[in-house]
Amino acid sequence: MKNFDVIVVGAGHAGVEAAFAAARMGANTAIFVIKMESIGRMSCNPSVGGPAKGHLAREIDALGGELGYVSDLSGIQFRMLNQKKGPAVWAPRSQNDRDLYSKIMRQHLENQANIQIIEDTIAEIQVDSQNRVTGVTSYIGYTYNAPKVILANGTFLKGAIHIGHKQYPGGRSGEPASNELSASLRKIGLNLARFKTGTPARIDLRTVDLSKMEVQPGDENPSGFSFYRDVEIKNLVDCWLTHTNPRTHEIIESNLKQSALYGGKISGIGPRYCPSIEDKIVKFSEKNQHHVFIEPEGTNTHEAYVNGVSNSLPPDVQIEVIHSISGLEKAKLLRYAYAIEYDYVIPTDIKSTMETKSISGLYLAGQINGTSGYEEAAAQGISAGINAVLSLNHEDELHFDRSKSYIGVLLDDLVTKGTNEPYRMFTSRAEYRLFLRQDNADERLMPLGYKLGLVSDERWQKFSRNQELKERVIEKLSNTNCLAIEGVKEPIKFIKLLKRPDISFSDLTRFGFKFPEVITQDVAERVSLECKYEGYLKRQLADIDKFENLQNYKIPDDIDFMKLDSIAYEAREKLNKIRPTNMGQMSRIPGVNFTDVSSLLVYLKKYYNKR
């Protein structure tokens, strides 16, 4: 109960992934949570996935994480978004049973070997004279020792909840803030700033007039997130769509001064891409309506999430706003919306391994790094857990490559560019998104997860069989001619026929394609996508090769950038602060131009020749 290899502070989406990864890699791991009942809690919308977030969820699963698996087990509606667009942006999304998700995650955590769950509040980080972390001290004064500590505090660092002009301390509704830990981080030299986020009201679904809304059903043939697991994916509920209207906007505009956000009570910067309804009304004043989704919170409750009207208005104004929306005229509020301000660490203070630059052995994951979203947090958590154990075992660090995963894009963006608002992942942030599809996350990352010991032998065998089947199908298509086609004199291979936009994989049987084995829907879709987009993929893979040439050009740790007069002074300052590990990362730092990159390349050639 006192000495561990790895300590994880916080049992939200970042914390649980960090703990699972560390424990599965053999580390004696402790995970601290303020309340056992809050393990894996979905503090905002009980949903997983969506554009780019669904890609992250599948990548985490391919590495051996829990987010996708528990999402499948607790899902009540599943949809594949953006199917009318190109395959690079297809995105799985689930609506989840909030209580069931948390319950299953706790069960998995309790049943995982090498993990000790401790209900206690951590107040201080212990650091020795050489700036190495040695453990943590709890609010009640008990010290736990570990050479690796991962902080995954969510919105708890000096958290403050706002409803109208009412403000009170809290990490989220009903749970205390962590003011002492925030002060401890400042004391050991980390740079902190303030962000703001929020959550909308919850309503009683029995008091909603659904006849006035547009139903949003799940997919006819739903698919989940987790690869090679025997989970039956079912749609159990519908969601519904309604809209705000001029009356809603009028109510909000006339009460803006009563909003914590516009009444001057909040100083933290909020998320641009998930704004409060007050922000929408002010910043998009030309619009006379905004989407409002009504999303059930579970199958054993009548509570529903009102997606699209997050705010920090007083309770009486919140009621008036809700009642102005079509279908919600008589809706009863079960929980009020609120905004929350919290401290985060400037992410350029950390490495892409999630370890802080100033304190050896201290790792940060999740909203403490300035991100928003369960999936972004979980991605950082699994990276921190993996790297903490690799460092513990004196093995090479793991740097996720942005050309190989959305996880790599996320981590590289944070540590290279920083963020001046809560960071959210988008497909547009990934330069190689046609290659980084959600359907091939297993091909990209499962070999790594298996090598690290995070993917079970059973799943690995299923993955290997799937890959072998895919290769046999492609070989057959490439070497077999199809039957005669009207207007085509020469026989053509099936692989060439499949490139046609009007031909699907299932159409091939009409032209004589036969295969001795059952071809799964998954394999058929992958083969079809890779065939139809072969030209684009080849060009993108060529671009990735060029990118990796820069990524593989390492920058030594001992370079004093300030002494390199051939590089612009502004660039030298940024290089000294961020300490890029390779030329690729250097080239992406804002304020560093092509001339600076060229100058450092010249310097490094001389440097390596001397060595």
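You'll find the structure just up there.
Quantities reported herein were computed from a predicted structural model and do not represent experimental measurements.

### Digging into the overall build of the protein
So, point 1. The helix and strand inventory of the protein stands at 18 helices and 21 strands.
So, point 2. Here the C-alpha radius of gyration of the protein, 26 Å, is about what a compact globule of 611 residues would show, namely 25 Å.
So, point 3. Counting only C-alpha atoms and orienting by the principal axes, one finds that the protein spans roughly 80 × 75 × 50 Å.
So, point 4. For the protein, the residues scored as buried account for 57% of the 611 residues in total.
So, point 5. A total of about 26,500 Å² of accessible surface is found on the protein, and carbon and sulfur atoms cover 49% of it.
So, point 6. The distance from the centre of the 77 positive side-chain charges to the centre of the 76 negative ones in the protein is 3 Å.

### Considering the environment of His249
So, point 1. The residue His249 is located in helix α6 (residues 246–254) in this model.
So, point 2. Apart from residues no more than four positions distant in its own chain, His249 is found in contact with Thr244, Ile281, Lys287, Asn288, Gln289 and His290.

### Considerations on the nonpolar core
So, point 1. Counting residues in hydrophobic clusters, the biggest one holds 101 residues, and the most contacted among them are Ile7, Ile125, Leu185, Leu362 and Ile386.
So, point 2. Apart from residues lying up to four places away in sequence, Ile386 is in contact with Ala21, Met25, Leu398, Phe400, Leu452 and Leu454.
So, point 3. Core analysis: the next-biggest nonpolar cluster, separate from the first, contains 24 residues, Ile203, Ile252, Val309 and Val317 among them.

### Some thoughts on the pattern of salt bridges
So, point 1. Applying the stated criterion across every chain yields a total of 43 salt bridges.
So, point 2. We note a salt bridge from Glu59 to Arg444, for which the minimum N-O separation is 2.8 Å. Residue Glu59 is located in helix α2 (residues 53–63), and its partner Arg444 is located in helix α11 (residues 441–452); the two are separated by 385 residues in the primary sequence. An identical accessibility class is assigned to Glu59 and Arg444; each is buried.
So, point 3. The salt bridge partner of Lys462 is Asp230, with a shortest N-O separation of 3.4 Å. Separated by 232 residues along the polypeptide, Lys462 in helix α12 (residues 457–479) and Asp230 in the loop between β15 (214–216) and β16 (239–243) bring together distant segments of the chain.

### Re the sheet that holds strand β7 (residues 122–127)
So, point 1. An order of β7-β8-β9 is seen for the three strands of this open sheet, with the pairing classed as antiparallel. The open sheet is flanked by β7 and β9 (143–145), the only strands paired with a single partner. The average angle at which neighbouring strand axes cross in this sheet is 25 degrees, direction not considered.
So, point 2. Examined bridge by bridge, β7 and strand β8 (residues 133–138) share five bridges and lie antiparallel to one another. Residue pairing in the sheet places Ile122 in a bridge with Ser138 of β8.

### Re a negative patch on the surface
So, point 1. A cluster of acidic residues, Glu395, Asp396, Glu397 and Asp557, forms a negative patch on the protein surface.
So, point 2. With respect to the secondary-structure elements, Asp557 resides in the loop between α15 (534–551) and α16 (569–578).
So, point 3. Judged by its relative accessible area of 71%, Asp557 falls in the exposed class.

### Things to note about α16
So, point 1. Taken together, the buried positions of α16 are Ala571, Arg572, Leu575 and Ile578. In a view along the axis of α16, the buried residues occupy a sector of 145 degrees, so they form one face of it.
So, point 2. Against the buried residues of α16 lie α10 (406–417), α17 (583–587) and α18 (594–610).
So, point 3. Arg579 lies just past α16 and shows a positive phi near 55 degrees.

### Describing the packing of α12 against helix α14 (residues 521–532)
So, point 1. Axis separation between α12 and α14 bottoms out at 10 Å; the angle between their running directions is 50 degrees. Our classification of the angle between α12 and α14 gives oblique. Considering how the two elements wind past one another, α12 and α14 form a crossing that is right-handed. Of the residues in α14, those touching α12 at Asn466, Gln467, Leu469, Lys470, Val473, Ile474 and Leu477 are Asp522, Val523, Arg526, Val527 and Glu530.
So, point 2. Here the residues of the contact of α12 with α14 are counted per class, giving six nonpolar, two polar and four charged.

### A few points about a nonpolar patch on the surface
So, point 1. A grouping of Tyr139, Ile140 and Tyr142 is seen on the molecular surface, where their side chains present a nonpolar patch of about 380 Å² in accessible area.
So, point 2. Here Tyr139 lies in the loop between β8 and β9.

### Concerning the pairing of strand β10 (residues 148–151)
So, point 1. Of the two faces of β10, the one carrying Lys148 and Ile150 and the one carrying Val149 and Leu151 are both buried.
So, point 2. As judged from the four bridges shared by strand β1 (residues 6–9) and β10, these two strands associate in the parallel manner. Directly across from Val6, in β10, lies its bridge partner Lys148.
So, point 3. With three bridges joining them, β10 and strand β21 (residues 362–364) adopt parallel strand pairing. Opposite Ile150, over in β21, you have Tyr363 as the bridge partner.

### Side note on the sheet that holds strand β12 (residues 166–169)
So, point 1. Strand order in the open sheet made by the four strands is β12-β11-β20-β13, with antiparallel pairing throughout. Looking at which strands have only one partner, the edges of the open sheet turn out to be β12 and β13 (192–199). Going across the sheet, the axis of each strand differs from the next one's by a mean of 25 degrees, ignoring polarity.
So, point 2. As defined by bridge partners, strand β11 (residues 160–163) adjoins strand β20 (residues 338–345) across three bridges and the pair is classed as antiparallel. Across the sheet, the residue bridging to His162 is Ala339, located in β20.

Thresholds, definitions, all that
Residues numbered from 1 in each chain as written. Predicted model: local features only at pLDDT ≥ 70, side-chain atom pairs only at ≥ 80, totals over all residues. Heavy atoms only, no water. Helix = DSSP H or I, 4+ residues; strand = E, 2+ residues; numbered from the N terminus. Rg over C-alpha atoms; globule rule 2.2 N^0.38 Å. Buried < 20%, exposed > 50% of the residue type's maximum accessible area, 1.4 Å probe, protein only. Areas by Shrake-Rupley, 256 points an atom, 1.4 Å probe, with all protein chains shown as cover. Lys, Arg positive; Asp, Glu negative; His and termini not counted. Charge placed at Lys NZ, Arg CZ, Asp CG, Glu CD. Contact = heavy atoms within 4.5 Å. Core = buried A, V, L, I, M, F, W, Y, C linked by side-chain atoms within 4.5 Å. Salt bridge = Lys/Arg side-chain N within 4 Å of Asp/Glu carboxyl O. Pairing = 2+ DSSP bridges. Axes fitted to C-alpha atoms, helices over the stretch in contact; angles between N-to-C directions. Patch = residues over 30% accessible without salt bridge, like charges linked within 9 Å, V, L, I, M, F, W, Y side chains within 5 Å. Arc of directions from axis to C-beta. Parallel < 35°, antiparallel > 145°, perpendicular 65-115°, else oblique. Left-handed = near helix turned anticlockwise from the far one by under 90°. Nonpolar A, V, L, I, M, F, W, Y, C, P; charged D, E, K, R; others polar.

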